Number of protein chains: 2
Amino acid sequence: MRDEFRAELEAVSQLLVEMAEGVREALRQATRALLAADRRAAESVIEQDAEIDARYRQVEERVCDLLARQAPVAGDLRAMITALHVAADLERMGDLADHVAKTALRRHPSPAVPAELRPVFTDMANIADRMAEKIASVLAHPDADLAAELDSDDDAMDELHKGLFGVLLGADWPYGVETAIDATLLGRFYERFADHAVNSGEHVVYLITGEPVTPA
Amino acid sequence: MRDEFRAELEAVSQLLVEMAEGVREALRQATRALLAADRRAAESVIEQDAEIDARYRQVEERVCDLLARQAPVAGDLRAMITALHVAADLERMGDLADHVAKTALRRHPSPAVPAELRPVFTDMANIADRMAEKIASVLAHPDADLAAELDSDDDAMDELHKGLFGVLLGADWPYGVETAIDATLLGRFYERFADHAVNSGEHVVYLITGEPVTPA
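Computed from a predicted model, the values in this text were never measured in an experiment.

What counts and how
Residues numbered from 1 in each chain as written. Chains lettered and ligands numbered in written order. Predicted model: local features only at pLDDT ≥ 70, side-chain atom pairs only at ≥ 80, totals over all residues. Heavy atoms only, no water. 1 Å grid on protein atoms, 1.4 Å probe; cavity = no way out; pocket = protein on both sides within 12 Å on 5 of 7 lines; lining within 4 Å. Points joined across faces, edges and corners; volume = space filled by probe spheres on them. Nonpolar A, V, L, I, M, F, W, Y, C, P; charged D, E, K, R; others polar. UniProt positions renumbered as here; feature names shortened; annotations may be inferred. Helix = DSSP H or I, 4+ residues; strand = E, 2+ residues; numbered from the N terminus. Salt bridge = Lys/Arg side-chain N within 4 Å of Asp/Glu carboxyl O. Buried < 20%, exposed > 50% of the residue type's maximum accessible area, 1.4 Å probe, protein only. Least-squares fit on C-alpha atoms with pLDDT ≥ 70 in both. Contact = heavy atoms within 4.5 Å. Polar contact = N/O pair within 3.5 Å; in protein donor to acceptor, adjacent residues only side chain to side chain.

Concerning empty space enclosed by the protein
If you walk through the whole model with that rule in mind, you get one cavity of 30 Å³ or more. Its boundaries defined by the atoms lining it, the largest cavity holds a volume of some 30 Å³. Around the largest cavity sit Leu-67, Ala-71, Pro-72 and Leu-77 of chain A together with Leu-67, Ala-71, Pro-72 and Leu-77 of chain B, which together line it. Taken together, the residues of the lining of the largest cavity break down into eight nonpolar, no polar and no charged.

Below you can see the structure in the form of structure tokens.
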């Protein structure tokens, strides 16, 4: 019974790792769609979102099945609830990559992001990528220190996000309201992606250390 | 044992109803802060968010405690998982009300929303309020038909959201980029509030009918 539980838990963890890798790849491709006006990259993100959603449902089903059949308590129960939380965050991160891809597609073949904003979106995408990589890593090999690093990554993301508004609100912003609206939403998508990565990391830390998560 | 489970489940439902009423009131006050530049209303929303978060943690603790002590199966287990999902959606709706309040506060004593946009934000706020009311209602008295109405409310919200961009992108938008950015983010906050209400409703429908929820 105990071995079976461990094997099932391992299968759930594996699904979460695949979800994390999937959303990481989705945001990488969405960023390529955005910065290189790459239509196929955008379409690929949108298609792949269904796979992320399917894995989310698999996590839910397996967790519910495990709860019903094995009635875990203490740390095992906590692992189940954590899996649900992390899966929900990852599913949402996939949606946000999808939103970036759709924004790129809406403007295609024009670039959705003008030259002045390419550096800030490149930096935001790099931080988001690093965060998704860390989530995949701590899900595969629980590591509270690595998970805790997500907080400082998120601080860097918030700084970039503020900097983005600085450019948009500069006296010499030449691109008009539509481009400013797109950039505002895109900035929000990357920033929310990072927030969900932080949430996932906090849930993993809770799992490892027992320190509760405080909702933002 | 069975009676004790029912009583505990009832206590969880009651917390969810209180959360739903809390986020409804939070968004009402946030809207007042926004449209009447009411500083005290904004501050009150920000203070009350801690109460919504506290109730969220209480739901989580009670559900985990119930899962550990009673090991529910079938419909009872489903009710527990639904409670976690709904609590997460409601917690996020509280955050979005908080974001509206903070946007109002950042521009205070100026209004964050110019006269041209007051009607669309008034309509969005009214729909969001109706949706929060329905969530509170179906949590108190499960009703799949009422929960399903949230979908058409959300369609109305999406139409208003599109209309908002129509105004912002009109050739005669006189308020510049900063006001357009605020309006873009505010529009997104109301629209996401409605999305989470739809999610909550879907989870309640699942609880009542057994029809699974499809992630957006």
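A look at the UniProt feature "domain: PhoU" (unreviewed entry) in chain A
All names here are of chain A. The UniProt record annotates "domain: PhoU" (unreviewed entry) at residues 16-103 and 122-202. Helix makes up 94% of residues 16-103 and strand 0%, whereas the separation of the span's terminal C-alpha atoms amounts to 27 Å. As annotated, residues 122-202 has a helix share of 88% and a strand share of 0%, and its two end C-alpha atoms lie 26 Å apart.

What to know about the layout of surface pockets
All names here are of chain B. Here the second largest pocket is characterised by a volume of approximately 400 Å³. Leu-9, Ser-13, Leu-139, Pro-142 and Leu-207 are, among the 20 residues lining the second largest pocket, the residues nearest its centre. When residues of the lining of the second largest pocket are traced back to their parent elements, those giving at least two are helix H1 (2-36), helix H3 (74-107), helix H4 (118-140) and helix H6 (176-209). Its residues assigned to classes, the lining of the second largest pocket comprises 13 nonpolar, four polar and three charged.

Focus: the pattern of salt bridges
All names here are of chain A. For the coordinates displayed, the defined rule picks out 42 salt bridges over all chains. Between Glu-191 and Arg-188 there is a salt bridge, with its nearest N and O atoms 3.4 Å apart. Placement of the pair is Glu-191 and Arg-188 together in helix H6 (residues 176-209), with a separation of three residues, close to one helical turn. One exposure class covers both Glu-191 and Arg-188, and it is buried.

A few points about the relation of the copies chain B and chain A
Superposition record for chain B on chain A: RMSD 0.0 Å, screw rotation 180°, translation along axis 0.0 Å. The transformation relating the two chain copies, once decomposed into turn and shift, fits a two-fold axis. A shared binding surface is used by both copies, with 100% of the interface residues of chain B retained as interface residues in chain A.

Remarks on the side chain of His-196 of chain B
All names here are of chain B. Structurally, the position occupied by His-196 is in helix H6. Residue classification places His-196 among the buried positions, given a relative accessible area of 10%. If sequence neighbours within four positions are ignored, His-196 has contacts with Asp-89, Arg-92, Met-93 and Leu-96.

Quick notes on the interface of chain B and chain A
Contacts between the two partners involve 35 residues from chain B, matched on the other side by 35 residues from chain A. Connecting chain B to chain A are zero salt bridges. Applying the counting criterion to the chain B and chain A interface returns two residue pairs in polar contact (both at pLDDT 80 or more). Elements represented by at least two residues in the side of chain B that touches chain A include exactly helix H2 (39-70), H3, helix H5 (144-168) and H6 of chain B. Here the element with the most residues in the side of chain B that touches chain A is H6 of chain B; it accounts for nine residues. Within the side of chain B that touches chain A, the residues separate by chemical class into 21 nonpolar, four polar and 10 charged.

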